[in-house]
Amino acid sequence: MWKKQLLFLCLAGLTLWAAAGQEALPADAAAELPAEVKYIALTFDDGPRRDTTEKLLDGLRERGASATFFLVGEEIAGKEDLVKRMAAEGHQIGNHTWSHVRLENAGTAGQEIRMTERALEELLGEKDYWLRPPYGIMDEGVETNVPLVKWSVDPRDWESRSTAKVVQAVLRDAGPNAIILLHDIYPTSVEAALQIVDALEKEGYWFVTVEELLQLNGITPQAGVMYRSGKG
């Protein structure tokens, strides 16, 4: 909990700095952070799922780590309590379409995005629910009024279903300002995520949401722009 309180103070300081008239960094600017501070973002797709997501939330809370969850709309029914818990515990919640379809057709894509957006608004209220397009792909003809999030580290956890391989791949490729892609629907991925947090926290990393990661780098997120790391 103390880490989240300190992070809040850091973010508040950045907000005051910006309000004082400093210009935000462009999306492709380098991070303006002290060298010893290392921030990183864990993201989870395709949930929520009752058993695995609940275990993940328990583990993140024990470790004081924040994450970003991109939810599939049709998976929310019956797990509304988990979604509310994510928000209450400081995690960022995003949109991963209603039925995990490729966003290629503008009409279908718009409907898929709006359906999940409405489901989240009914639970959590109106706000910007950032979008992660399934497979990280979105046709140029598809429009959105929120920022888009991809990733910079992909251990292909859905393919190996191996905790050890996922941990090894992430620890090999992770660095400051990385956005890590995982899926909270696999028990192996949940266990890997908690091992990753334990290992990287020992190296001085702080786990933050994607929105916090950009803010800590002085980036003002823009609707329709795809962000792959904390550097833009």
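> How would you summarise the packing of helix α6 (residues 163–173) against helix α7 (residues 187–202) if you had to cite specific residues and measurements?
One way to put it is that α6 packs onto α7 with a least axis distance of 8 Å and a crossing angle of 40 degrees. Judged by the angle between their axes, α6 and α7 are oblique. Of the two possible hands of crossing, α6 and α7 adopt the one that is right-handed. Contacts from Thr163, Val166, Val167, Val170 and Leu171 in α6 reach Thr188, Glu191, Ala192, Gln195, Ile196, Ala199 and Leu200 in α7. Here the residues of the contact of α6 with α7 are counted per class, giving eight nonpolar, three polar and one charged.

> Describe the pairing of strand β2 (residues 67–71), listing the residues and the values that go with them.
Burial of β2 is extensive: five of the five residues sit out of reach of the surface. With burial as the criterion, each face of β2 is covered, one bearing Ala67, Phe69 and Leu71 and the other bearing Thr68 and Phe70. As paired elements, strand β1 (residues 38–45) and β2 share four bridges and run parallel to each other. Across the sheet, Thr43 pairs through a bridge with Thr68, a residue of β2. In this view, the connection linking β1 to its parallel neighbour β2 by way of helix α2 (residues 50–63) has right-handed handedness. When β2 meets strand β3 (residues 92–95), the two strands line up parallel, connected through four bridges.

> Run through the confidence of the model for the protein chain, naming residues and quoting values.
Scored by pLDDT, the protein chain has a mean of 89; 84% of the residues are at 70 or more. A low-confidence stretch, residues 14–34 (pLDDT under 50), is modelled with 27 contacts involving residues beyond four sequence positions or located in other chains.

Cut-off values and rules
- Residues numbered from 1 in each chain as written.
- Predicted model: local features only at pLDDT ≥ 70, side-chain atom pairs only at ≥ 80, totals over all residues.
- Heavy atoms only, no water.
- Axes fitted to C-alpha atoms, helices over the stretch in contact; angles between N-to-C directions.
- Helix = DSSP H or I, 4+ residues; strand = E, 2+ residues; numbered from the N terminus.
- Parallel < 35°, antiparallel > 145°, perpendicular 65-115°, else oblique.
- Left-handed = near helix turned anticlockwise from the far one by under 90°.
- Contact = heavy atoms within 4.5 Å.
- Nonpolar A, V, L, I, M, F, W, Y, C, P; charged D, E, K, R; others polar.
- Buried < 20%, exposed > 50% of the residue type's maximum accessible area, 1.4 Å probe, protein only.
- Pairing = 2+ DSSP bridges.
- Right-handed = clockwise from strand over helix to strand, strands pointing away.
- pLDDT = per-residue confidence, 0-100.

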